[in-house]
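Working through the structure, step by step
In case you want the letters, here they are:
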Amino acid sequence: AYEIMTSLVGSEMCIRDRSRFMTIGELTKRYNDERSNEKLSLSSRQSDQARRNVLLRFMSANTNIKDLTQDEMTKMVNWMRRQDYKEGVINEQFGYVKRVFDRAIYAWKIVGESKHPTKGLTPPPQSEHRFRYLSEDETKRLWNVLDRPEWDWMRDIITVGLQVGFRKSNLISA
């Protein structure tokens, strides 16, 4: 995509490739800012920010967006594995970069489709089995709430749920 700018010299026009000058930091900030104006939950906005932070730990915020290539995406996935990120988190990170560039290409027209870093790549596989355990702090806070008399009826349900691996949706739909 190109941007036409009028110069200070009358009718002469200056055409420049916008993507040559946009950085990963600017692109992801614009995406997250735009998404924060949409009706999203706080957790969705926080997830977008966390994904941006991971990308910026892998690649400098000042990196030109043209330098985030398919090869760099593969390197990012491998870097995340070495950092012990879970496959589900890696897959979500891959999806975040895809969504950012989808918007940059199709809505903002900043880069051409051929510059999409996830184009032709398959998202990393992930196990169907996901495990999530409460942290020590989360467990302590949960039991502090369940020790209140008004939550007596829920204490046994939560105890069983923790032992068998209930998800929140299991409890809500029960």
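Relevant structure appears above.
A brief report on the enclosed structure follows. (Residues numbered from 1 in each chain as written. Predicted model: local features only at pLDDT ≥ 70, side-chain atom pairs only at ≥ 80, totals over all residues. Heavy atoms only, no water.)

**Details of the overall build of the chain**
The condition is simple: Note on conventions: DSSP H or I runs of at least 4 residues are helices, E runs of at least 2 residues are strands, and numbering of each starts at the N terminus. Throughout this description, buried means an accessible area under 20% of the type-specific maximum (1.4 Å probe, protein chains only), exposed means over 50%, and partly exposed covers the range between. Contacts are residue-level and defined by heavy atoms, with any inter-residue pair within 4.5 Å sufficient.
Across its full length, the chain carries seven helices and two strands. In the chain, the order of α-helices and β-strands from amino to carboxyl end is β-β-α-α-α-α-α-α-α. Residue burial in the chain is summarised as follows: out of 174 residues, 29% are buried. Considering only residue pairs separated by 6 or more positions, the chain has 58% of its internal contacts joining residues 24 or more positions apart.

**Comments concerning helix H3 (residues 70-82)**
Owing to its 3.6 residues per turn, the α-helix aligns residues three or four sequence positions apart on the same side. The following threshold applies: Multiplying 1.5 Å by the helix residue count minus one yields the expected span of that helix. For this quantity, the arc is that covered by the directions from the helix axis to the C-beta atoms.
The end-to-end C-alpha distance of H3 is 19 Å, a good match for the 18 Å that 13 residues give at a rise of 1.5 Å each. Listing the buried residues of H3 in full gives Glu72, Met73, Met76, Val77, Trp79 and Met80. Projection of H3 onto a plane perpendicular to its axis shows the buried side chains occupying an angular sector of 160°, all on one side. Where H3 is buried, its residues contact helix H2 (42-58) and helix H4 (87-107). A positive phi of about 65° marks Asp84, the residue just after H3.

**With respect to the nonpolar core**
Rules: Residues belong to a common nonpolar core when they are buried Ala, Val, Leu, Ile, Met, Phe, Trp, Tyr or Cys residues joined through side-chain atoms within 4.5 Å.
Counting 26 residues, the largest nonpolar core has Leu27, Ile65, Leu68, Val97 and Phe101 as its most contacted members. Mapped onto this core, the elements with two or more residues apiece are helix H1 (24-36), H2, H3 and H4. Take this core: its biggest share by element is eight residues, from H4. Those residues in contact with Phe101 that sit more than four places away from it in its chain are Leu27, Ile65, Leu68, Val111, Lys115, His116 and Pro117.

**Brief notes about a nonpolar patch on the surface**
To keep things clear, this is the line we draw: Residues enter patches when they are more than 30% accessible in relative terms and free of salt bridges; like-charged ones are connected within 9 Å and nonpolar ones (Val, Leu, Ile, Met, Phe, Trp, Tyr) within 5 Å. Computed by Shrake-Rupley with a 1.4 Å probe, the accessible areas treat only the displayed protein chains as cover when residues are assessed. The salt bridge criterion pairs a side-chain nitrogen of Lys or Arg with a carboxyl oxygen of Asp or Glu, the two atoms within 4 Å.
Side chains of Trp151, Trp153, Ile157, Val160 and Phe166 sit close together on the surface and give an oily, nonpolar patch of about 490 Å² of accessible area. With respect to the helices and strands, the residue Trp153 is situated in helix H6 (residues 152-164).

**Examining the pattern of salt bridges**
Scanning the model with the defined rule gives 12 salt bridges in all. Glu34 is the partner of Arg103 in a salt bridge, and the nearest nitrogen-oxygen pair spans 2.8 Å. Placement of the pair is Arg103 in helix H4 and Glu34 in helix H1, with a sequence separation of 69 residues. You can call Arg103 buried: its relative accessible area is 17%. Judged by its relative accessible area of 30%, Glu34 falls in the partly exposed class. Asp102 is paired through a salt bridge with Lys98; the nearest N and O atoms lie 2.9 Å apart. Highlighted residues: Asp102 and Lys98, both in helix H4, separated by four residues, approximately one helical turn.

**Overview of the packing of H2 against H3**
Put simply, the rule reads: Fitting a line to C-alpha atoms yields each axis, with helices limited to the stretch in contact; the angle taken between N-to-C directions then spans 0 to 180 degrees. To sort the angles, those under 35 degrees are grouped as roughly parallel, those over 145 as roughly antiparallel, those from 65 to 115 as roughly perpendicular, and the leftovers as oblique. In this classification, the charged set is Asp, Glu, Lys and Arg, the nonpolar set is Ala, Val, Leu, Ile, Met, Phe, Trp, Tyr, Cys and Pro, and all remaining amino acids, among them Gly, are polar.
The interhelical angle for the contact between H2 and H3, taken along N-to-C directions, is 100°, at an axis separation of 11 Å. Comparing their axes, H3 and H2 come out roughly perpendicular. Residue-level contacts link Val54, Leu55, Arg57 and Phe58 of H2 to Glu72, Lys75, Met76, Trp79 and Met80 of H3. In terms of residue class, the contact of H2 with H3 is built from six nonpolar, no polar and three charged.

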